[in-house]
Protein chains: 2
Amino acid sequence: MSEAFSFRLLAQDGAARRGEISTPRGNIRTPAFMPVGTAATVKAMHPGRVAATGADVVLANTYHLMLRPGPERVARLGGLHRLMNWPGPILTDSGGFQVMSLARLRKLTEEGVAFQSHIDGSRHMLTPERSMEIQHLLGADIQMQFDECVRLPCSDDEARRAMELSLRWAARSKAAFARAPGRALFGIVQGGASKPLRVESARALVSMGFEGHALGGLAVGEPQAVMLDMIETAEPELPRDKPRYLMGVGTPDDLIEAVARGIDMFDCVMPTRAGRHGLAYSRFGKINLRNARHAEDVAPIDPASDNAATNSWSRAYLHHLVKAGEILGMMLLTEVNLAYYQALMAGARAAVAQGRFADYRAEVKEGWARGEGAA
Amino acid sequence: MSEAFSFRLLAQDGAARRGEISTPRGNIRTPAFMPVGTAATVKAMHPGRVAATGADVVLANTYHLMLRPGPERVARLGGLHRLMNWPGPILTDSGGFQVMSLARLRKLTEEGVAFQSHIDGSRHMLTPERSMEIQHLLGADIQMQFDECVRLPCSDDEARRAMELSLRWAARSKAAFARAPGRALFGIVQGGASKPLRVESARALVSMGFEGHALGGLAVGEPQAVMLDMIETAEPELPRDKPRYLMGVGTPDDLIEAVARGIDMFDCVMPTRAGRHGLAYSRFGKINLRNARHAEDVAPIDPASDNAATNSWSRAYLHHLVKAGEILGMMLLTEVNLAYYQALMAGARAAVAQGRFADYRAEVKEGWARGEGAA
């Protein structure tokens, strides 16, 4: 913890990094996975259990929270940390991605995005200035610039237009950012699947002076190779002494490959969403608890895990809960998945510190390849 | 804890009793409320949190578990305690009530009830012998005799027929009960809303020698006064040195009134079901968290409660979670309600010990009458 927002690079092994972000609300060990707390709750998880999985920071969605309960209301209620009972750091996204994927009747202009709520059809406007204001009202420790994220594949013209708009919005976000002690603003590199555009975006952002940098507009339908190519392209442009955040990513394999390329932070709904649908992520790869072969399997998901949800209940019980549609099945499997994502990041941090990240990467992939029976 | 099943009456105040049931799996402080763990899970509750609310024992449903995952499978998996990770005592019902309320194409004969599963239409038969076998396979610490429960109102003829059948089934249940160290079998008093039938049923059961006695077929649509009348009628017939269990009851007021009339044990889905529908039970009565007036209410459900779900999150947050359909809302409100039911029983136990149960009853009712704003 510290009064100011800061990042320390503690070790490097190839491009893989181990570091620590300090904020007044606590430290974030990197590489870090941030569980997604969409509507001010990591779905199906008690906040105490989120912390118990090893998460240092959670993400909350500006788009969802601006619609319900509303940022002014959250501020009146003492901010997001108090509302959720999550004392640690919170990162909020800018709303840019979700307004384009969820909202109705969107209209994008230089000013921002006008849209209708997907909940009740009410009309709203998101601009860089309003996004900064909302994130400030929520009380975010790390705010994200307002940006436009295009779906892939898209034309270079379209990617350039959105990237340049995002740069102008980055400048407006920075100007509107209400600087408060210990709070940080990250810029977002855009540019679709174009290397020159990614480089141009990164250089322009770096010159503006953000506290951290994100890669946006990836894991939006493109092959993993394209995503990794974009990381490799942008990474050398980003300052070593600031954290790098790959937004909305991804599978355990995506995380390991991105860490190998110098990424420090991730968020993704995958572990929580999969947990609500009967899927477990583990050292042995993905385990589908709906499968009848688990009906009498007394083994837990992973007896070697130090997480209670992972080591204390049998696959047979989880299978039963999933088949019966029981909420406890969602609760336990969400925790299993978040604990696995955290363990994967903890392993990466330890491996970088020991200078054996390449071995670690090979070992975890070997475990996934061996498959779920191989406990 | 003890090797044998036993009951000690520790104090009495009027008809209200404080006692303790000892089983090899732990003690049950009475009056006791047993959370309902229908399908081997107290819905939306982590077993650790169930224990944290103060519950000593949970109930599981024979009907649900015989259909899924099946009693033989549960036995192969090491029994219900191990499956659920609930180390404390478990009481199972006989399946009699739910087969009549949930199953399809029921056919009742002297032998038992043939029916089709409400899940997949598969054909099954429940008899006193099979009910005992299932409850044994599940590993229940307290088993219930197989009985027939009629809906109220019903004719005296119908009530007599079902009561007499239940007595014959009680004898068959007792004969089939696989006596194991520390396990108990309870008989169930039937007789509808007829005092003579209730007395006749109670006397016949007492002469058979069960470890405890239940009142069944109440809280099935009749006014509370009828239920209390039936308790007052049966209670003097029941031995003082054995526990009395009022099945499927009820509201906090039902519980207090039944404790006042000598009842020791309760179970009901009300607190768990209400919690999943946005309703909280509290010292201030019932609180509907859907109500817009809670939207900016920073007060927790009850700041004086020692339960975290009850004292740590604001009503505004619970309102938000309920409106957004978030699972955490169900989780927290279920815990709030179970904690309140346990606190109500703990208060009753303390009041009986201090010889001030009448005052306690008046105080809790006064709190409910004052209403939710009166924190």
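Bear in mind that the values here come from a model prediction, so they are computed numbers and not experimental data.

## Quick word on the domain arrangement of chain A
Residue and element names in this part refer to chain A. With domains assigned, chain A is organised as domain 1 (6-268) and domain 2 (275-370). Each partner contributes to the interface: domain 1 provides 31 residues, whereas domain 2 provides 29 residues. Where domain 1 abuts domain 2, roughly 2400 Å² becomes buried across the two surfaces, and 69% of that area is made up of carbon and sulfur atoms. Seen at the junction of domain 1 and domain 2, the total is nine residue pairs in polar contact (both at pLDDT 80 or more). Contributing elements (two or more residues each) for the side of domain 1 that touches domain 2: β1 (6-13), β2 (16-23), β3 (26-30), β4 (32-35) and α10 (252-260). The greatest single-element share of the side of domain 1 that touches domain 2, amounting to seven residues, is contributed by α10. Broken down by class, the residue content of the side of domain 1 that touches domain 2 amounts to 16 nonpolar, six polar and nine charged.

## Quick word on the packing of aromatic side chains
The relative placement of two aromatic rings is captured by the distance of their centres and the angle of their planes. All chains considered together, the criterion is met by twelve aromatic pairs over all chains. Here the aromatic rings of Phe33 of chain B and Tyr341 of chain B are separated by 4.7 Å at their centres, their planes lie at 55°, and the arrangement is tilted. In this pair, Phe33 of chain B sits in strand β4 (residues 32-35) while Tyr341 of chain B sits in helix α14 (residues 327-353), placing the two residues 308 residues apart along the sequence. You can call Tyr341 of chain B buried: its relative accessible area is 0%. Here the aromatic cluster, defined as three or more aromatic residues joined through ring pairs, consists of Phe33, Tyr281 and Tyr341 of chain A.

## Re the sheet that holds strand β2 (residues 16-23) of chain B
All names here are of chain B. Here we have three strands laid out as an open sheet, ordered β1-β2-β3, and antiparallel in their pairing. Among the strands making up the open sheet, the edge pair consists of β1 (6-13) and β3 (26-30). On average, adjacent strands in this sheet sit at an angle of 15° to one another, irrespective of strand direction. The pairing of β1 with β2 spans seven bridges and is classified as antiparallel. Across the sheet, Arg8 pairs through a bridge with Glu20, a residue of β2.

## Remarks on unusual backbone geometry
Residues and elements named next belong to chain A. That bond from Thr30 to Pro31 is cis: its omega, 0°, falls within 30 degrees of zero. Summarising the element assignment, Pro31 is placed in the loop between β3 and β4. Even without being a glycine, Leu105 presents a positive backbone phi close to 45°. Looking at where Leu105 falls in the secondary structure, it is placed in strand β7 (residues 104-108).

## A word on the nonpolar core
The tendency in soluble globular proteins is for nonpolar side chains to be buried as a group. By size, the foremost hydrophobic cluster in this structure holds 192 residues, and its most contacted members are Leu80, Leu246 and Phe357 of chain A together with Leu80, Leu246 and Phe357 of chain B. Sequence-distant contacts of Leu246 of chain B, defined by excluding residues within four places in its chain, comprise Leu215, Leu218, Met227, Ile231, Ala258, Ile263, Met265, Phe266 and Asp267 of chain B.

## Quick look at helix α8 (residues 195-208) of chain A
Residue and element names in this part refer to chain A. For α8, spanning 14 residues, the distance from its first C-alpha to its last is 20 Å, which sits close to the expected 20 Å at 1.5 Å a residue. Three or more residues of α8 are buried, namely Leu197, Arg198, Val199, Ser201, Ala202 and Leu205. Packing partners of the buried residues in α8 comprise α7 (156-176), β11 (184-189), β12 (212-215) and α9 (224-234). By the N-cap criterion, in which a side-chain oxygen at the helix start approaches the backbone nitrogen of a residue two or three places on, α8 is capped by Ser194, the distance to Leu197 being 3.2 Å. Backbone geometry just after α8 places Gly209 at a positive phi near 85°.

## Quick look at the relation of the copies chain A and chain B
Between chain A and chain B, which share one sequence, the superposing operator has a rotation angle of 180° and an axial displacement of 0.0 Å; the RMSD is 0.0 Å. What the rotation and shift describe, once combined, is the action of a two-fold rotation axis. If distances are taken from each C-alpha of chain A to the rotation axis, the shortest is found for Ile327 of chain A, at 3.9 Å. In this assembly the copies share their binding face: 100% of the residues contributing to the interface of chain A also contribute to that of chain B.

## Considering the pairing of strand β15 (residues 279-282) of chain B
Side-chain direction in a regular strand flips from residue to residue, so the side chains alternate between the two faces of the sheet. Bridge count for β15 of chain B against strand β16 (residues 285-288) of chain B is four bridges, and the pairing is antiparallel. When the bridges of β16 of chain B are listed, Ser282 of chain B appears paired with Gly285 of chain B.

## Details of the packing of α14 of chain B against helix α15 (residues 357-370) of chain B
Residues and elements named next belong to chain B. Close contact between α14 and α15 brings their axes to 8 Å; oriented N to C, the two are set at 150°. If you check the angle between α14 and α15, you find them roughly antiparallel. In contact with Tyr340, Ala343, Leu344, Gly347, Ala348, Ala351 and Val352 of α14, α15 contributes Phe357, Tyr360, Val364 and Trp368. Of the residues belonging to the contact of α14 with α15, the class tally is ten nonpolar, one polar and no charged.

## So, the interface of chain A and chain B
Facing 37 residues of chain A, the contacting portion of chain B comprises 37 residues. For the chain A and chain B pair, buried surface summed over both sides reaches about 3300 Å², with 60% attributable to carbon and sulfur atoms. Looking at the side of chain A facing chain B, the largest losses of area belong to His46, Glu296 and His320 of chain A, adding up to 17% of the total buried there. On inspection of chain A and its partner chain B, the count reaches six salt bridges. Viewed at the interface, chain B and chain A are joined by 15 residue pairs in polar contact (both at pLDDT 80 or more). Contributing elements (two or more residues each) for the side of chain A that touches chain B: α3 (71-76), α4 (80-84), α13 (315-323) and α14 (327-353) of chain A. Looking at the side of chain A that touches chain B residue by residue, the class counts come to 21 nonpolar, six polar and ten charged.

## Some remarks on the side chain of Asp141 of chain A
All names here are of chain A. Note on placement: Asp141 falls in the loop between α6 (128-138) and β10 (142-144). Residue classification places Asp141 among the buried residues on the basis of a relative accessible area of 4%. Here Arg25 takes part through its side chain, which lies 3.2 Å from a polar atom of the side chain of Asp141. Excluding anything up to four places from it in sequence, Asp141 contacts Arg25, His81, Gly88, Pro89, Ile90, Gly182, Arg183 and Ala184.

## Quick look at the sheet that holds β7 of chain A
All names here are of chain A. Sheet architecture is open: three strands sit in the order β7-β8-β9, paired in antiparallel fashion. Each having just a single partner strand, β7 and β9 (123-126) make up the two edges of the open sheet. Geometrically, the sheet is characterised by an average inter-axis angle of 15° between neighbouring strands, direction not taken into account. Sheet topology places strand β8 (residues 113-116) next to β9; four bridges connect them, and they run antiparallel. If you follow Gln116 over to β9, its bridge partner there is Arg123.

Procedures and definitions
- Numbering of residues begins from 1 in every chain and follows the order in which that chain's sequence is written.
- All chains are assigned letters beginning with A, and all ligands numbers beginning with 1, in the order in which they are written.
- Thresholds applied to this predicted model are a pLDDT of at least 70 for local features of residues and 80 or more for the giving and counting of side-chain atom pairs; totals over whole chains, interfaces and linings are not thresholded and use all residues.
- For side-chain calculations, the full set of non-hydrogen atoms in the structure is used, while hydrogens and water are omitted.
- Where each domain starts and ends follows an automatic or database-derived domain assignment.
- Throughout, a residue-residue contact means that at least one pair of heavy atoms, one from each residue, lies within 4.5 Å.
- Here the quantity called buried area is the accessible surface, traced with a 1.4 Å probe, that two parts lose on coming together, added over both.
- Identification of polar contacts relies on pairs of N or O atoms within 3.5 Å, with a donor-acceptor requirement for protein atoms, meaning one able to donate a hydrogen and the other able to accept it, and with residues adjacent in sequence counted only if both atoms are side-chain atoms.
- To qualify as a helix, a DSSP run of H or I must reach at least 4 residues; to qualify as a strand, a run of E must reach at least 2; elements of each kind are numbered from the N terminus.
- Ten residue types, Ala, Val, Leu, Ile, Met, Phe, Trp, Tyr, Cys and Pro, are classed as nonpolar, four, Asp, Glu, Lys and Arg, as charged, and the remainder, Gly among them, as polar.
- Centres within 6.5 Å are what make two rings of Phe, Tyr or Trp a pair, Trp counting through its six-membered ring; a difference in plane orientation under 30 degrees is then read as stacked, over 60 as edge-to-face, and the rest as tilted.
- Buried residues are those whose accessible area, probed at 1.4 Å on protein chains only, stays under 20% of the maximum for their type, while exposed residues exceed 50% and partly exposed ones sit between those limits.
- Strands are treated as partners if at least two bridges between them are detected by DSSP.
- All axes here are fitted lines through C-alpha atoms, helices being fitted over the stretch that makes contact, and every angle between N-to-C directions spans 0 to 180 degrees.
- Among buried residues, those of type Ala, Val, Leu, Ile, Met, Phe, Trp, Tyr and Cys that are joined through side-chain atoms within 4.5 Å constitute a nonpolar core.
- Helices are assigned an expected span. That span is 1.5 Å times one less than the residue count.
- A least-squares superposition brings the copies together, and it is based on the C-alpha atoms of residues with pLDDT no lower than 70 in both.
- Angle categories: roughly parallel below 35 degrees, roughly antiparallel above 145, roughly perpendicular from 65 to 115, and oblique for all the rest.
- Any Lys or Arg side-chain nitrogen located within 4 Å of an Asp or Glu carboxyl oxygen qualifies as a salt bridge.

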